[in-house]
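# Analysis of the macromolecular model
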Amino acid sequence: MEVRVANVRKEFDRFPALHDVSLDIKSGELIALLGPSGSGKTTLLRLIAGLERPTRGKIFFGDEDASQRSIQERNVGFVFQHYALFRHMTVADNIGFGLKVRHGPSRPPAQEIRRRASELLDLVQLSGLEKRYPAQLSGGQRQRVALARAMAIEPKVLLLDEPFGALDAQVRRELRRWLREIHDATGHTTVFVTHDQEEALELADRVVVMSQGRIEQVGTADDIYDTPNSPFVYGFIGESSSLPVKVENGEIWLADRPIGLAAPHEPSGDATLFFRPHDVELLDGCSGCIAGTVAASRRVAGTRRVELEIGGERQRVEIELPVDHPAAQKSRVAFRPGRWKLFPTA
Amino acid sequence: MADPEIKSYEPHHESQSAAVTESRPARVALMTVAFTFLGIFLLLPLIIVFNEALAKGVGAYTQSLSDPDARSAIRLTLLVAAISVPLNIVFGISAAWAIAKFEFKGKAFLTTLIDLPFSVSPVISGLVYVLLFGAQGLLGGWLKAHGIVILFAVPGIVLATVFVTFPFVARELIPLMQEQGNGDEEAALSLGANGWQTFWYVTLPNVKWGLLYGVLLCNARAMGEFGAVSVVSGHIRGLTNTMPLHVEILYNEYNAVGAFAVASLLAGLALVTLVLKTLLEMRYGAEIAATRGH
């Protein structure tokens, strides 16, 4: 099912949580809403679900306007961060709940509900736990049950709110892979919210980066990481370093020296230069480079991260060096960013 | 949101460190004080009640209880409880739902209002009804014109009892529902359940122990209430006397056996309430502790 969010605004007590957000979600797509807390990602998810009503704008499921439909009518599968399993029901009863509360002929007989529940338990790899209660399951198992419960109603869209947020790192990675497999097997249109960029980039077909109630960028992991379209996205996704620079006649200047980067299409004026700490070229001499004094050096996993003081303005940037690179021992390091991007200073 | 499921349902086995463990004499002294106090102020009176009730033998005891006025008092007490407890269950659940599950203006006011019966003397609550429904009262004339009798009759007793007991269920449920939040209800709605199904299959089971607890306390108070009921009942023997009022009348007539026989029923009710409460706590203690807010 295609989902289209059209110019949606949402206010809570006149405080805007979302400003004019539009988003097209393709049928069968696995999409991540990524952003820091307060960016509006959970609000957007809850609006799609029907747990909130938009202040303005519309939400379409296919060609049908779903904005005024209640959550029951929208037929979405919603998975909560804290699972929200019914603690007094067994695993099988939890999964069967959505079928049991149906009315009339659409309600399957009890035996059929039981069969569906065990089928879904097989799918989420928890066969044999039908009779357990939620309190008797681990966090990862509870989240699988919650997903099975959401899928039991054959939802048009599957919505997951920080599905792995309450789990430890090991289980998160495992469940992430497993969710991708389930998605590929079932083909549900799936939207999940996360503040973990690794999770979003690894799992989703497309990532929606959000900040302060707005969508900053929508794209594949490659788009988002390689061509961020705003300082926020550059800073939020992956490691980044930035320096205030000046553009003059198509050349980039740091204080009073050109740093050997040409920017022929950029307008002249103040700007901020962004680059990735690991994507730098170390230089010996310095005619057209960024040079700095080593202020600190830390070993981080397979690399060495060096903090440099640049120029007189006490600007600090971080670059990454191979662990055994001789430059790490020096007191002064010169480099030039490999891939970089300029954003004019507002 | 606190996740109740993460909370351990295991009872706490507190391992006391040597530093905070009192010496043996100190422990013995503390326990002696506690038990002596309870013995003198609670256990002894209870024993005396039963002792006095049976002072002239079992025959006199059963005869006192089969006295028509005593029977009518027992019937009235049961009737009043049977009306006011269900009313307060409905009210308590509605109030707790409103306060815990959504925001509205005047919420703080409602919360304070619920505590009113606890903070005001029951006699005052009774007097309020007299001022409201009495012959000279605010609505007295209108009621009389329409032939509706509230004061010195069963409706007045029920009203006074409802007033005095309405905090019990609500107070028990509010912290519980607040702690549980809306997550389970949202999940049920997203699975297609309507409001009634959500309440019946999800909300009610989540609060059932707290509710039972509140109902138990509410019932004990409804049957035992004296002050408010005394003001509105008019003490008409065989008609508007509840058990506590009947006890007082008999006692004032120096009918000790009769008074204590009826009192023993009330004491018995208290004991049954305590036993039920203890059984509930034993059987579902961990669950109640995990779902109760205080």
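Residues numbered from 1 in each chain as written. Chains lettered and ligands numbered in written order. Predicted model: local features only at pLDDT ≥ 70, side-chain atom pairs only at ≥ 80, totals over all residues. Heavy atoms only, no water.

### Comments concerning unusual backbone geometry
All names here are of chain A. With phi around 40 degrees, aspartate 20 is a residue other than glycine that occupies positive phi space. The residue aspartate 20 is located in strand E2 (residues 15-25) in this model. Classification of aspartate 20 by relative accessible area gives exposed; the value is 51%. In this model, glutamine 212 sits at a positive phi of 50 degrees, which is unusual for a non-glycine residue. Position of glutamine 212 among the secondary structure elements: in the loop between strand E9 (206-211) and strand E10 (214-219). (Helix = DSSP H or I, 4+ residues; strand = E, 2+ residues; numbered from the N terminus. Buried < 20%, exposed > 50% of the residue type's maximum accessible area, 1.4 Å probe, protein only.)

### A closer look at the packing of aromatic side chains
With the rule as written, the count across this model stands at 18 aromatic pairs over all chains. Ring geometry for A:Phe78 and A:Phe80: centres 4.7 Å apart, planes at 45 degrees, overall tilted. Each of the two residues, A:Phe78 as well as A:Phe80, counts as buried. Taking 5.9 Å as the distance between ring centres and 15 degrees as the angle between the ring planes, the aromatic pair formed by B:Tyr129 and B:Phe133 counts as stacked. (Phe/Tyr/Trp six-rings, centres within 6.5 Å; stacked < 30°, edge-to-face > 60°.)

### Topic: the pairing of strand E8 (residues 189-194) of chain A
Remark: a regular strand shows side chains that alternate across the two faces of the sheet. Residues and elements named next belong to chain A. Along E8, 6 of the 6 residues are buried, which leaves the element largely enclosed by surrounding structure. What you see with E8 is no split at all: Thr189, Val191 and Val193 on one side and Thr190, Phe192 and Thr194 on the other are buried throughout. Sheet topology note: the strand E3 (residues 30-34)/E8 ladder contains 5 bridges and is parallel. Bridging across to E8, isoleucine 31 finds its partner in valine 191. Bridging between strand E7 (residues 157-161) and E8 involves 5 bridges; their strand directions are parallel. Each bridged residue has a counterpart across the sheet, and for leucine 158 the counterpart in E8 is threonine 190. You can see the chain leave E7, run along helix H6 (residues 169-186) and come back into E8, and the turn it takes is right-handed. (Pairing = 2+ DSSP bridges. Right-handed = clockwise from strand over helix to strand, strands pointing away.)

### Describing the interface of chain B and chain A
Chain B puts 25 residues into the contact, and the matching count from chain A is 26 residues. Joining chain B to chain A, the criterion identifies 2 salt bridges. Between B:Asp184 and A:Arg87 there is a salt bridge, with the nearest N and O atoms lying 3.3 Å from each other. When contributions to the side of chain B that touches chain A are tallied by element, the ones reaching two or more residues are helix H8 (183-190) and helix H9 (195-224) of chain B. Of the residues forming the side of chain B that touches chain A, the biggest block, 7 residues, is contributed by H8(B). A breakdown of the residues in the side of chain B that touches chain A according to their chemical character gives 12 nonpolar, 9 polar and 4 charged. (Contact = heavy atoms within 4.5 Å. Salt bridge = Lys/Arg side-chain N within 4 Å of Asp/Glu carboxyl O. Nonpolar A, V, L, I, M, F, W, Y, C, P; charged D, E, K, R; others polar.)

### Concerning helix H3 (residues 68-101) of chain B
Over its 34 residues, H3(B) runs 49 Å from end to end, which matches the ideal 50 Å to within 8%, given 1.5 Å per residue. Looking at where H3(B) begins, the residue whose side-chain oxygen comes 3.1 Å from the main-chain nitrogen of B:Asp69 is B:Asp67. (Expected span 1.5 Å × (residues − 1). Polar contact = N/O pair within 3.5 Å; in protein donor to acceptor, adjacent residues only side chain to side chain.)

### Some words on a nonpolar patch on the surface
A cluster of nonpolar side chains, contributed by B:Phe37, B:Leu38, B:Ile40, B:Phe41 and B:Leu42, occupies part of the molecular surface with about 540 Å² of accessible area. Within the secondary structure layout, B:Leu38 lies in helix H1 (residues 24-53). (Patch = residues over 30% accessible without salt bridge, like charges linked within 9 Å, V, L, I, M, F, W, Y side chains within 5 Å. Areas by Shrake-Rupley, 256 points an atom, 1.4 Å probe, with all protein chains shown as cover.)

### So, the domain arrangement of chain A
All names here are of chain A. Examined at the domain level, chain A breaks down into domain 1 (3-235) and domain 2 (239-344). Centre-to-centre separation of domain 1 and domain 2, based on C-alpha positions: 41 Å. With 8 residues of domain 1 in contact, the opposing surface of domain 2 contributes 9 residues. In this assembly, domain 1 packs against domain 2 so that about 820 Å² is buried in total across both faces, 57% of it on carbon and sulfur atoms. Contact with domain 2 buries surface across domain 1, with Tyr225, Pro231 and Tyr234 losing the most and accounting together for 70% of the total. In this structure, the connection of domain 1 to domain 2 is made through 0 salt bridges. (Domains from an automatic or database assignment. Buried area = accessible area lost by both parts, 1.4 Å probe.)

### Focus: the packing of H3(B) against helix H11 (residues 243-252) of chain B
Residues and elements named next belong to chain B. Packing of H3 against H11 brings their axes to within 8 Å, and their N-to-C directions diverge by 150 degrees. It follows that H3 is roughly antiparallel to H11 by the angle criterion. Touching Asp69, Ala70, Ala73, Ile74 and Thr77 of H3 are Met243, Pro244 and His246, all from H11. Taken together, the residues of the contact of H3 with H11 break down into 5 nonpolar, 2 polar and 1 charged. (Axes fitted to C-alpha atoms, helices over the stretch in contact; angles between N-to-C directions. Parallel < 35°, antiparallel > 145°, perpendicular 65-115°, else oblique.)

### Brief notes about the sheet that holds strand E14 (residues 269-275) of chain A
Residue and element names in this part refer to chain A. In space, the 5 strands of this open sheet follow the order E13-E12-E11-E14-E20, with antiparallel pairing throughout. The open sheet terminates on both sides in strands that have one partner only, identified here as strand E13 (257-262) and strand E20 (340-344). Across this sheet, the average inter-strand angle for adjacent strands is 40 degrees, counted without regard to direction. Sheet analysis places strand E11 (residues 241-248) next to strand E12 (residues 251-254), joined by 3 bridges and oriented antiparallel. Considered in E12, the bridge of glutamate 248 is made with glutamate 251.

### Some details on the pattern of salt bridges
Residues and elements named next belong to chain A. The full count for this structure, using the stated rule, is 31 salt bridges over all chains. Between arginine 316 and glutamate 307 there is a salt bridge; the shortest N-O distance is 2.7 Å. Accessibility expressed as a relative area gives 17% for glutamate 307, which makes it buried. Note that glutamate 309 and arginine 316 form a salt bridge whose closest N and O atoms lie 3.0 Å from each other. Put simply, Arg172, Arg176, Asp196, Glu198, Glu199 and Glu202 are held in one network by salt bridges that share partners.

### Points about the nonpolar core
Residue and element names in this part refer to chain A. Of all hydrophobic cores here, the largest spans 41 residues; its most connected members are Ile95, Val124 and Leu147. Ranked by the residues each element gives to this core, the list is headed by helix H5 (residues 139-152), at 7 residues. When near neighbours in sequence (up to four residues on either side) are disregarded, valine 124 contacts Arg144, Ala148, Met151, Trp178 and Ile182. (Core = buried A, V, L, I, M, F, W, Y, C linked by side-chain atoms within 4.5 Å.)

### Digging into the side chain of B:Thr161
Residues and elements named next belong to chain B. One can find threonine 161 in helix H7 (residues 154-180). Classification of threonine 161 by relative accessible area gives buried; the value is 0%. For threonine 161, the residues in contact, after removing those within four places along its chain, are Val80, Ser84, Ala222 and Val229.

### Quick look at the sheet that holds E8(A)
Residue and element names in this part refer to chain A. The 6 strands lie next to each other as E6-E7-E8-E3-E9-E10, forming an open sheet whose pairing is mixed. Two strands lie at the open edges of the sheet, namely strand E6 (76-79) and E10, each paired on one side alone. Between one strand axis and the next, the sheet turns by 15 degrees as a mean value, whatever way the strands run. Relative to E6, H5 is tilted by about 170 degrees, and along the sheet it contacts E6 and E7.

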